[in-house]
Amino acid sequence: MVYRILGIGDQACTTAANFQQEKNYSVDLVTDEILGQHANMEAYEKRFTSKGVAKIFRKYRKADEVLMVINGSSAASGAVLRIAEMIKKCSCSVLFLHPSQSWSTPEEITNNKITFGVLQEMTRSGLFDRLYAVSLEEMEKHIDKVPLKEMESEINKKIYSLITMLIYMDH
């Protein structure tokens, strides 16, 4: 069995990349560029083509466990359900990164609400095994004094630490 980490969208990929340091995880990053860099969530959903990501998902097997990392404010979240459909043979969970509302634009706040609501419903319906929701604002409170330019990196390290411990305890 392989435990796969799948970052969807540039913001989520920076978080997912932290798992590359651990040999127990196979990390795949689906960046905005791979998805086509569209203007909004609706465009990501409507213009999604499996061509860009099919090569990544060919190596996924039925016994694999996948943790999809998603940033709620990202427009790339519009492609999540299309990607989930491609890997439905795997056991999928979602790590939802809830952005700071005070730093988000009105469009990002709307993206976040829509994405979280849809993922909640999909988890309740059984498409996803688990939905982990992490508030980036709360994670920031647990960071010691660091320069502002290192804040995102430190938050991602904390998220990595938290999630690897949850996965360890779960298994």
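Note: the structure precedes this text.
Residues numbered from 1 in each chain as written. Predicted model: local features only at pLDDT ≥ 70, side-chain atom pairs only at ≥ 80, totals over all residues. Heavy atoms only, no water.

Peer 1: I'd like to hear about the pattern of salt bridges, residue by residue, with values.
Peer 2: Evaluated as defined, the whole model comprises 9 salt bridges. For Asp 170, the salt bridge is made with Arg 130, and the minimal N-O distance between the two is 3.0 Å. Here Asp 170, found in helix 8 (residues 151-170), pairs with Arg 130, found in the loop between helix 6 (106-124) and strand 5 (131-135); they are 40 residues apart in sequence, far enough to count as distant. Judged by its relative accessible area of 34%, Arg 130 is partly exposed. Across the salt bridge formed by Glu 154 and Lys 157, the nearest N and O atoms sit 3.4 Å from each other. With Glu 154 and Lys 157 both in helix 8, this residue pair falls 3 residues apart, about one helical turn. Here the salt bridges do not stand alone but share partners, grouping Arg 4, Asp 28, Lys 59 and Asp 64 into one network. (Salt bridge = Lys/Arg side-chain N within 4 Å of Asp/Glu carboxyl O. Helix = DSSP H or I, 4+ residues; strand = E, 2+ residues; numbered from the N terminus. Buried < 20%, exposed > 50% of the residue type's maximum accessible area, 1.4 Å probe, protein only.)

Peer 1: If you had to explain the packing of aromatic side chains to someone new, which residues and values would you point to?
Peer 2: Taken as a whole, this structure holds 5 aromatic pairs when the rule is applied. Ring centres of Tyr 3 and Tyr 25 lie 5.9 Å apart, and the angle between their planes is 80 degrees; on these two criteria the pair is classed as edge-to-face. Placement of the pair is Tyr 3 in strand 1 (residues 3-8) and Tyr 25 in strand 2 (residues 25-30), with a sequence separation of 22 residues. Each member of the pair Tyr 3 and Tyr 25 is classed as buried. Relative to Tyr 60, the ring of Phe 57 lies with its centre 5.2 Å away and its plane at 85 degrees, an arrangement referred to as edge-to-face. The class for Tyr 60 is buried, based on a relative accessible area of 0%. Above the plane of the ring of Tyr 60 lies Arg 4, whose end atom (NZ or CZ) is 4.6 Å from the centre. (Phe/Tyr/Trp six-rings, centres within 6.5 Å; stacked < 30°, edge-to-face > 60°. Lys NZ or Arg CZ within 6 Å of the ring centre and 35° of its normal.)

Peer 1: Give a detailed account of the nonpolar core, specifying residues and quantitative values.
Peer 2: Among the nonpolar cores identified, the biggest contains 27 residues, and Leu 6, Leu 35, Met 68 and Ile 83 are the most heavily contacted of them. Aside from chain neighbours lying at most four places away, what touches Met 68 is Leu 6, Ile 8, Val 80, Ala 84, Ile 87, Ser 93, Val 94, Leu 95 and Phe 128. With 22 residues, the next largest nonpolar core counts Ala 16, Tyr 25, Val 69 and Ile 163 among its residues. (Core = buried A, V, L, I, M, F, W, Y, C linked by side-chain atoms within 4.5 Å. Contact = heavy atoms within 4.5 Å.)

Peer 1: Outline the sheet that holds strand 4 (residues 91-98), supporting the account with residue identities and numerical values.
Peer 2: Ordered in space as 2-1-3-4-5, the 5 strands form an open sheet in which the pairing is parallel. Of all strands in the sheet, those with a lone pairing partner are strand 2 and strand 5, marking the two edges. Along the sheet, successive strands turn relative to each other by an average axial angle of 20 degrees, direction set aside. By the bridge criterion, 7 bridges tie strand 3 (residues 65-71) to strand 4 in an arrangement that is parallel. Residue Val 69 lies in a different strand from strand 4, and its bridge partner there is Leu 95. Its contacts with the sheet put helix 6 on strand 3, strand 4 and strand 5, and the angle it makes with strand 4 is roughly 155 degrees. (Pairing = 2+ DSSP bridges. Axes fitted to C-alpha atoms, helices over the stretch in contact; angles between N-to-C directions.)

Peer 1: I'd like a description of the environment of Leu 81, backed by residues and values.
Peer 2: As for its placement among the helices and strands, Leu 81 is situated in helix 5 (residues 80-86). A relative accessible area of 33% places Leu 81 in the partly exposed class. With 79 residues separating them in the primary sequence, Leu 81 and Tyr 160 have C-alpha atoms 24 Å apart.

Peer 1: Before we move on, can you summarise the pairing of strand 4 with the specific residues and values?
Peer 2: In terms of burial, strand 4 is a largely internal element, 6 of the 8 residues being buried. Each parallel crossover has a hand, and for strand 3 linked through helix 5 to strand 4 it is right-handed. Across 5 bridges, the pairing between strand 4 and strand 5 is parallel. Of the residues in strand 5, the one forming a bridge with Val 94 is Leu 131. Crossover handedness for the path strand 4 to helix 6 to strand 5: right-handed. (Right-handed = clockwise from strand over helix to strand, strands pointing away.)

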